[in-house]
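# Understanding the architecture of this molecule
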Amino acid sequence: MTPRRTPRSFAAFPLPALALLALALVVGRATPLRAQGVLVAPQAVFMDHRTRAGAIELYNPGTEPAEVSISTLFGYPVTDSSGVTTLYTSAAPDPDAPSAAGWVQAFPRRLKLAPGQRQTVRLMARPPQNLPDGEYWTRLVIEASGGRVDVGGADSTSIQVGLLLKVRTVIALLYRKGGVSTGVALSNLRANVVGDSVAVRMRLAREGNAAYLGQVHAALLDARGREARSFAAPMAVYYALEPRYSLPVAGLAPGRYTLALRVDTSRDDITTAGVLAGRAVRDTVSVVVPPRR
Amino acid sequence: MPPTLRSLLVAALLAAAPALHAQGRPLRADGVRGLTFGTVFPGIQVPVPASDAARSAQFDISGVKNSSIQITLLLPSQLTGAGTTIPLTFGAADGGYSLTGSTAGLMPFDPRVPLTTVLSNSGRGTVFLGGTLVPPNSQRAGSYVGTITITVAPLSL
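Residue numbering note: each chain is counted from 1, following its sequence as written. Both sets of labels track the order of writing: A upward for chains, 1 upward for ligands. With the structure being a predicted model, the display of local features is reserved for residues of pLDDT at least 70 and the display and counting of side-chain atom pairs for 80 or more, all residues being used for whole-chain, interface and lining totals.

## Comments concerning the overall build of chain B
Helix and strand assignments follow DSSP, with helices taken as H or I runs no shorter than four residues and strands as E runs no shorter than two, numbered in order from the N terminus. Helices and strands together make up the secondary structure of chain B, namely 1 helix and 12 strands. Counting from the amino terminus, chain B carries its helices and strands in the arrangement α-β-β-β-β-β-β-β-β-β-β-β-β. Looking at the 157 residues of chain B, the share that counts as buried comes to 41%. A pair of residues counts as a contact when their C-beta atoms, built from backbone coordinates, are within 7 Å of each other. Pairs at least 24 apart in sequence give 76% of the contacts found in chain B among residues at least 6 apart. Three exposure classes are used. Buried residues have 20 or more other C-beta atoms within 10 Å of their own C-beta, exposed residues have 12 or fewer, and partly exposed residues fall in between, all C-beta atoms being placed from the backbone.

So, in structure tokens, the structure goes:
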């Protein structure tokens, strides 16, 4: 943290400075930022080697024009040692990485969206010759900057500050060629009470040659098999994940419970054409909720 | 391939692009309110906490319910203008995340590092951002600007 300075006493300022500061008190204003991101749909684009084409739609819901640029960046979700998921990205991916970032292009790559305007951006792939069958990935980075910074003007005796906002929305693009399949292996499921939650960890390893876009369903069952808590969360396994989920235990009676976990490819947020069906996997583990202290 | 033929091929491929269908809820991030420092005096720091509902910056995010997202803020270390700069600092507790859109009960986070979080069961989340403007005693009058960049990436795709 930056140490705070003690404000100077007004008596320490010479008279001209006082006059200037008085003026600043009257007219000096910080300026709010005025910008909005653009709405991007869909959240994931699926392209295939047959058409080599795709599209996204942009919409400016704001009241100011927005300048938009579209770029590509190789990346996919990973987890760290504590189970937190982050987005790994690389501007220079390994040559062996299944990156489509270098050969997917947007048309146009730069545009200006008026308030309320919609525009379709076409995507086209120019993959290298002899591209092996499989799935190739990139992220589309849609950057929107808009609005204006109201600073300056006629007054030159005060300090005026303004902040401009840029909003980057990152979506997934998956390019499929030839036979692609996916699956997931579930292992090392464990659950234990940490504080006021049941912490659920597992290892998910992708099978096949395409990302596993699915959902984790978990239910905490009491001794009679009744569902006491549950959650469902979408997730994507590109290589392997060891995510961490939490279920609140507040209000649960102490005792032994069973955590039942299922991972499947049910997704209602992506098109059926984008979903690669894979077999569901299940596992259970016991967890004891201790008496409250 | 001749340029004309290539252009025709590109046009044909673009025309063959699949129709855009609605897929779940689109991801959206909006800047609702800027970071407001009020009147600025030379030599007087202006701290704005994330929990300040009137002066902290606010960004609303919407997307798929209960989905995991990563939020990254690119923050300026100074504002520039008038041939000079004003330092702007961000501390470990200058970020706040809310599932309700309120500054009450904010989950604090360090805005200088990426945040992994989830959207609410209605697909919403709100980021509040504070910071401290540090004008030196010699700060010249004038207009100063900076840019805050917020990056929102879904982690379930």
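## Some details on the overall build of chain A
A count of helices and strands for chain A gives 1 helix and 19 strands. Taken over 293 residues, chain A has a buried fraction of 39%. Counting contacts in chain A only where the partners sit at least 6 residues apart, residues at least 24 apart contribute 74% of the total.

## Some words on the sheet that holds strand β8 (residues 107-109) of chain B
All names here are of chain B. At least two bridges found by DSSP between two strands is the condition for calling them paired. Sheet architecture is open: 5 strands sit in the order β1-β3-β10-β7-β8, paired in antiparallel fashion. The strands lining the two open edges of the sheet, one partner per strand, are β1 (28-33) and β8. Neighbouring strand axes in the sheet, compared pairwise and without regard to direction, differ in orientation by 25 degrees on average. All axes here are fitted lines through C-alpha atoms, helices being fitted over the stretch that makes contact, and every angle between N-to-C directions spans 0 to 180 degrees.

## What to know about the nonpolar core
In these notes, a nonpolar core means any group of buried Ala, Val, Leu, Ile, Met, Phe, Trp, Tyr and Cys residues linked to one another through C-beta atoms within 7 Å. In this structure, A:V38, A:V40, A:V45, A:L123, A:L173, A:V237 and B:V152 are the most contacted members of the largest nonpolar core, which totals 103 residues. For this core, the element with the highest residue contribution is strand β11 (residues 159-177) of chain A, accounting for 12 residues. Formed jointly, this core draws a minimum of three residues from each of two domains, domain 1 (39-177) and domain 2 (182-289) of chain A. What A:V38 contacts, discounting residues up to four positions off in sequence, is A:L58, A:Y59, A:N60, A:A66, A:V68, A:L113, A:I142 and A:A144. Bear in mind that the domain bounds are from an automatic or database domain assignment.

## Description of the sheet that holds strand β14 (residues 212-221) of chain A
Residue and element names in this part refer to chain A. Across the sheet, which stays open at both edges, the 4 strands sit in the order β15-β14-β18-β19 with antiparallel pairing between neighbours. With one partner strand each, in any of the chains shown, β15 (227-237) and β19 (281-289) form the two edges of the open sheet. Sheet twist, expressed as the average angle between the axes of neighbouring strands with direction ignored, equals 20 degrees.

## Observations regarding the domain arrangement of chain A
Residues and elements named next belong to chain A. When cut into domains, chain A gives domain 1 (39-177) and domain 2 (182-289). A straight line from the C-alpha centre of domain 1 to that of domain 2 covers 30 Å. Each partner contributes residues to the interface: domain 1 has 15 residues there, and domain 2 has 15 residues. If you list the elements that add at least two residues to the side of domain 1 that touches domain 2, you get β3 (44-48), β5 (66-79), β10 (134-146) and β11.

## Some words on unusual backbone geometry
Residues and elements named next belong to chain A. Cis geometry is found at the peptide bond from A41 to P42, where omega equals -5 degrees. With an omega of 0 degrees, the peptide bond between F107 and P108 qualifies as cis. Within the secondary structure layout, P108 lies in the loop between β7 (104-107) and β8 (110-113). We note that R52 has phi near 55 degrees; this positive angle belongs to a residue other than glycine. Positionally, R52 belongs in the loop between β3 and β4 (53-59). Among the residues examined, R52 registers 22 C-beta atoms within 10 Å and is labelled buried. Unlike most non-glycine residues, N130 shows phi in positive territory, near 60 degrees. Of note, N130 is situated in the loop between β9 (118-125) and β10. When the 5 C-beta atoms within 10 Å are taken as the criterion, N130 is described as exposed.

## Some words on the confidence of the model for chain B
Residue and element names in this part refer to chain B. Overall, the predicted model of chain B reaches an average pLDDT of 85, with 85% of residues at or above 70. When mean pLDDT is compared element by element in chain B, strand β7 (residues 95-98) scores highest at 97, while helix α1 (residues 3-15) scores lowest at 49. Across the chain, each position has a pLDDT score giving the predictor's confidence in that residue, from 0 to 100. Taken together, the stretch residues 9-22 has pLDDT below 50 and engages in 22 contacts with residues farther than four places along the chain or on a different chain.

## Quick look at the pairing of strand β3 (residues 57-62) of chain B
Moving residue by residue along a regular strand, the side chains alternate between the two faces of the sheet. Residues and elements named next belong to chain B. For β3, the buried fraction is high: 5 of the 6 residues fall into the buried class. As paired strands, β3 and strand β10 (residues 124-129) are joined by 6 bridges and run antiparallel to one another. Of the residues in β10, the one forming a bridge with Q58 is F128.

## Thoughts on the confidence of the model for chain A
When pLDDT is averaged across chain A, the result is 86; 84% of the residues are at 70 or more. In the model, residues 1-34 of chain A has pLDDT below 50 throughout and makes 57 contacts with residues more than four positions away in sequence or in other chains.

## Structural notes on the environment of A:S286
All names here are of chain A. You can see S286 is positioned in strand β19. S286 sits in the exposed class, given 9 other C-beta atoms within 10 Å. Taking C-alpha positions, S286 is 9.5 Å from L221, a pair spaced 65 residues apart along the chain. In this view, S286 contacts R256 and T258; residues no more than four positions away in its chain are not counted.

## Observations concerning the environment of B:G91
Among the secondary structure elements, B:G91 is positioned in the loop between β6 (84-89) and β7. B:G91 sits 20 residues away from B:P111 along the chain, and the two C-alpha atoms are 7.6 Å apart.

## Description of the environment of A:V193
Residues and elements named next belong to chain A. Within the fold, V193 resides in strand β12 (residues 182-194). Assessed through the 16 C-beta atoms surrounding it within 10 Å, V193 is described here as partly exposed. Residues V193 and P248, 55 residues apart in the sequence, show an inter-C-alpha distance of 9.2 Å. Residues contacting V193, with those up to four places away along its chain left out, are V198, V249, V287, V289 and P290.

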